[in-house]
Amino acid sequence: MPRKIKFKAELKQMMDIIIHSLYSHKEVFLRELISNASDAIDSHRFRSLTEPELAGGDEEYRIVITADEEAGILTVEDNGIGMTREEIVVNLGTLARSGTREFLDKLKEANSKDYPELIGQFGVGFYSAFMVAAQVSVKSLSALPGSEPVEWTSSGDGEFSVGRGERRTRGTQVVLELADDSKEFLQRWRIEELVRKFSDFIEHPVVLTGGEDGQRVLNSRKAIWLRPQSEVSEEEDVEFYKHLSRDTRDPARTIHFAAEGLLEYRAILFVPARVPFDLLWSPQSAGLQLYVKRVFITDDFDKLLPSYLRFVRGVVDSSDLPLNVSREMLQQNAVVEKINRGLTGKVLGSLDELKKEDRERYVEFIRQFGPILKEGVSADPGNREKIAGLLMYESSREGPGKYVSLDEYVDAAAEGQTELYYLLGEDAAELAASPYIESLKQAGREVLFFTDPVDEFVAGHLGQYKKLKFRAVDRGELEGTQDKEDKEQESKEFEGFLEFVGDKLPEVESVRLSGRLTGSASCLVAGEDAMGPQMERLMRRMGRDEDQLPAGGRILELNPGHPVVVKLRSLFDSGVGREKVADWARLLYEQAVIAEGSRLADPASFAKRVNSLLLSELEKDSG
Ligand code: ADP
Ligand code: MG
């Protein structure tokens, strides 16, 4: 008697989503079943190298599709590794992957046209069978010696049954009783079309039985990466990318690479146009498939490229690794290391080309993958300069939404400029209006907008770029454009006033005249080595306790050219109304707190001060 088992709750939910929301793309079920069959064959081939007891006969590996129009039944069969009873219950009854909850949430946010990609990438392909089938049976015999055949059946409505099967040969057969609205998938032309569209690059023959010609291999099985680049058309590249990545968009960049000489390997690599879903999903997942002499070895090995290039998708085929290479062997392997170095150089070079050839596309690349690429600045000292050369930022010169490279910054730098200015913040538009960059802007000096929290770490790692030292403009003292004598004169005039204001504002470490302001009256800056306000907020958001933050006191800077500051000093110099001077100086401080995006400690008393000013204005007006 077959046993009935309920699907795990999350799986049930996933199946419902797949069945209902993928409906307009239901033909992907065939791709998914063929892909599973192909995986099962790869797995058998790979494991039997080290577990000879799995080997069995030496019949050719193949995937066979049968369509019985009369019975309304479509089957997909392979002679791969098969499944034991335990395996079938686990593999087809639970979602083994962790984080399914988050995946379900992601799906809800996603655009439904992205579903096929998401679902394919998440690896729940098998359940797409229920979009077309009223009932699905999986008949399997594991390659493990002594295994019993097993049969799994479900109509996708919450439970499945498992019982004894009848299969005599190693492998798996998936039997679909097609639903009435899916009978099209029994038609030969439709099957041929789908296999060519989705599964053409599958390495093993996909055979369609029946019909006039008895049996027909439907896929071309071409190992595109082994052909010279000149013989591969762009369409083929794109098709292959889509096959490989399940991305529905064209890649941003295709890279063919053939290393010859001491080490021989070939690769076809792709830079996706958008962050692949599986990358968000399992951020450390490997993007490359490793082949040895045309034989698929693994797609779960992350040493072929450095982690900061993990968004690259593709295939690497080496002739210098043994076919029975094990995971352990791969981990510390000189060949792998050399391949890694070769591919890294190639990818960085190709990105540099893209940057020169197609700026728009490159900027989009930076938007998508910049945050990942930047990790390389600290992770790969050997390529630090190259990576820095690839980075782009929004800036005060070009304005928000436009990106400049560090080289462009250096080229446009003013004569005698020794620093590369940047300002950290959340949003370029906000930064563009920031008081911190007023005088630099006026002096024609460009300020880069660092809107990614890691930008500051990257700048710290680089220290400088082509002789310009990175410099945060909201910290330390910034030289104004004023000449020295005027400045000294001014300092003297303001000395007493500044001291007085400093006494009245215990919140700040000191008060000084500003070289960075033109339009605003005041701003707060941190000491040169202190943490800026953005960094502070970031740390706070990351859950650091406020007490743990370095007590990097702020310095209040006043703009000596601003009429309010000028008048306030005159009032101070006159020796009367000291109360008022103190009160209004506090107002300048409070403005600066707001301008840097921080919160006022005492908003109520701020409002009181503003209101008393308002009142005196109003009284004046009403006579
Ligand atoms: P994925 O292929 O990403 O793992 P699927 O939902 O397509 O996700 O399949 C779930 C699991 O079921 C596979 O990982 C595999 O263990 C098992 N499986 C599915 N089809 C086959 C098959 N034809 N032969 C052996 N195992 C299979
Ligand atoms: Mg699958």
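Note that the structure is predicted; figures quoted are calculated from it, not measured. The residue numbering used here restarts from 1 in each chain and proceeds along that chain's sequence as written. Key to labels: chains lettered from A, ligands numbered from 1, both in the order written. With the structure being a predicted model, the display of local features is reserved for residues of pLDDT at least 70 and the display and counting of side-chain atom pairs for 80 or more, all residues being used for whole-chain, interface and lining totals. Note that the side-chain values use all heavy atoms of the structure and ignore hydrogens as well as water.

A.B. asks: For this particular structure, what's the right way to read the sheet that holds strand β5 (residues 150–154)?
C.D. replies: What links the strands of a sheet is backbone hydrogen bonding, and the strands pair in either a parallel or an antiparallel sense. Taking strand neighbours across the sheet as the criterion, the nine strands line up as β1-β6-β5-β4-β7-β3-β2-β8-β9 in an open arrangement whose pairing is mixed. Two strands close off the open sheet at either side, each with one partner strand: β1 (3–6) and β9 (215–217). Each strand of the sheet is rotated relative to its neighbour by a mean of 20°, with strand direction disregarded. Whether two strands pair comes down to DSSP finding at least two bridges between them. Working definition: helices are DSSP H or I runs of at least four residues, strands are E runs of at least two. Numbering for both runs from the N terminus. Bridge analysis of strand β4 (residues 133–141) against strand β7 (residues 171–178) gives eight bridges, and the strand direction is antiparallel. Following the sheet pairing, Ser137 is matched in β7 by Val175. We call two residues in contact whenever any of their non-hydrogen atoms come within 4.5 Å of each other. To define axes, lines are fitted to C-alpha atoms, for helices over the stretch in contact only, and angles between the resulting N-to-C directions are given on a 0 to 180 degree scale. Sheet contacts for helix α3 (residues 85–93): β1, β4, β5 and β6 (159–164); angle to β6, the most-contacted strand, approximately 165°.

A.B. asks: Just checking my understanding: could you explain the packing of helix α18 (residues 484–504) against helix α20 (residues 563–574) for this structure?
C.D. replies: Packed helices, taken two at a time, are described by their axes: the angle between them and the distance between them. Running from N to C, α18 and α20 cross one another at 85°; their axes reach a closest spacing of 10 Å. With respect to α20, the element α18 is oriented roughly perpendicular. Across the interface between the two elements, Glu493, Phe494, Gly496, Phe497 and Phe500 from α18 touch Val565, Leu568, Arg569 and Phe572 from α20. Each residue gets one label: Ala, Val, Leu, Ile, Met, Phe, Trp, Tyr, Cys and Pro are nonpolar, Asp, Glu, Lys and Arg are charged, and the others, such as Gly, are polar. Of the residues that constitute the contact of α18 with α20, the class distribution is six nonpolar, one polar and two charged. When an angle is under 35 degrees it counts as roughly parallel; over 145 it counts as roughly antiparallel; between 65 and 115 it counts as roughly perpendicular; any other value is oblique.

A.B. asks: I would appreciate a short explanation of the side chain of Glu596 in the present structure.
C.D. replies: Within the element layout of this structure, Glu596 appears in the loop between α21 (578–595) and α22 (603–621). Under this definition, polar contacts are N or O atom pairs within 3.5 Å; protein pairs additionally need one hydrogen-donor-capable and one acceptor-capable atom, and for neighbouring residues in sequence, both atoms have to be side-chain atoms. Here Arg554 takes part through its side chain, which lies 3.2 Å from a polar atom of the side chain of Glu596. In terms of polar contacts, Glu596 uses its side chain to reach the side chain of Ser598, at 2.5 Å.

A.B. asks: Help me out: how do you make sense of the sheet that holds strand β17 (residues 419–424) in this one?
C.D. replies: Reading across from one edge, β16-β15-β18-β17-β20-β19 is the order of the six strands in this open sheet, with mixed pairing throughout. A single partner strand is all that each edge strand has here, and the edge strands are β16 (399–405) and β19 (464–465). Judged from the two bridges that link them, β19 and strand β20 (residues 468–472) form a sheet pairing that is antiparallel. The partner of Gln464 across the bridge, within β20, is Lys469. Strands β15 (392–395) and β16 of the sheet are contacted by helix α11 (residues 359–373), whose axis makes an angle of about 100° with β16.

A.B. asks: What should I look at first to understand empty space enclosed by the protein in this one?
C.D. replies: A water-sized probe rolled over the atoms picks out the places where empty space is left. Think of a 1 Å grid over the protein atoms and nothing else: a 1.4 Å probe that fits but is trapped marks a cavity, an open set flanked by protein within 12 Å on at least five of seven lines marks a pocket, and residues with an atom within 4 Å of a point count as lining. Grid points are joined across faces, edges and corners, and a volume is the space filled by probe spheres set on the points. With the rule as written, the count across this model stands at one cavity of 30 Å³ or more. Of the volumes computed, that of the largest cavity is approximately 50 Å³. Lining the largest cavity, in full, are Phe201, Glu203, Arg221, Lys222, Ala223, Trp225, Tyr291 and Arg294. Broken down by class, the residue content of the lining of the largest cavity amounts to four nonpolar, no polar and four charged.

A.B. asks: Got a minute to help me understand the environment of Ile372 in this structure?
C.D. replies: Relative to the helices and strands, Ile372 is located in helix α11. Taking the C-alpha atoms as reference points, Ile372 and Phe311, separated by 61 residues in sequence, lie 8.1 Å from one another. Excluding residues that lie within four positions of it along the chain, Ile372 makes contacts with Leu279, Ser307, Tyr308, Arg310 and Phe311.

A.B. asks: In this structure, what is going on with the pairing of strand β22 (residues 522–526)? I would like to understand it.
C.D. replies: Regular strands place their side chains on alternate faces of the sheet. Exposure categories follow from relative accessible area, calculated using a 1.4 Å probe and restricted to protein chains: below 20% of the type maximum is buried, above 50% is exposed, and the middle band is partly exposed. Across the five residues of β22, five count as buried, placing the element largely inside the fold. Residues Ser522, Leu524 and Ala526 line one face of β22 and the alternating positions Cys523 and Val525 line the opposite face, and both faces are buried. One ladder, built from five bridges, connects β22 with strand β23 (residues 554–558); its direction is antiparallel. Opposite Leu524, over in β23, you have Leu556 as the bridge partner.

A.B. asks: Just to check I follow, could you spell out a nonpolar patch on the surface for this structure?
C.D. replies: Patch definition: residues above 30% relative accessible area lacking any salt bridge, with like charges linked at up to 9 Å and the nonpolar side chains Val, Leu, Ile, Met, Phe, Trp and Tyr linked at up to 5 Å. The Shrake-Rupley method, run with a 1.4 Å probe sphere, supplies the accessible areas, and residue values consider only the shown protein chains as cover. Counted as salt bridges are all cases of a side-chain nitrogen of Lys or Arg within 4 Å of a carboxyl oxygen of Asp or Glu. A cluster of nonpolar side chains, contributed by Phe46, Leu49 and Leu323, occupies part of the molecular surface with about 230 Å² of accessible area. For Leu323, a relative accessible area of 36% puts it in the partly exposed group.

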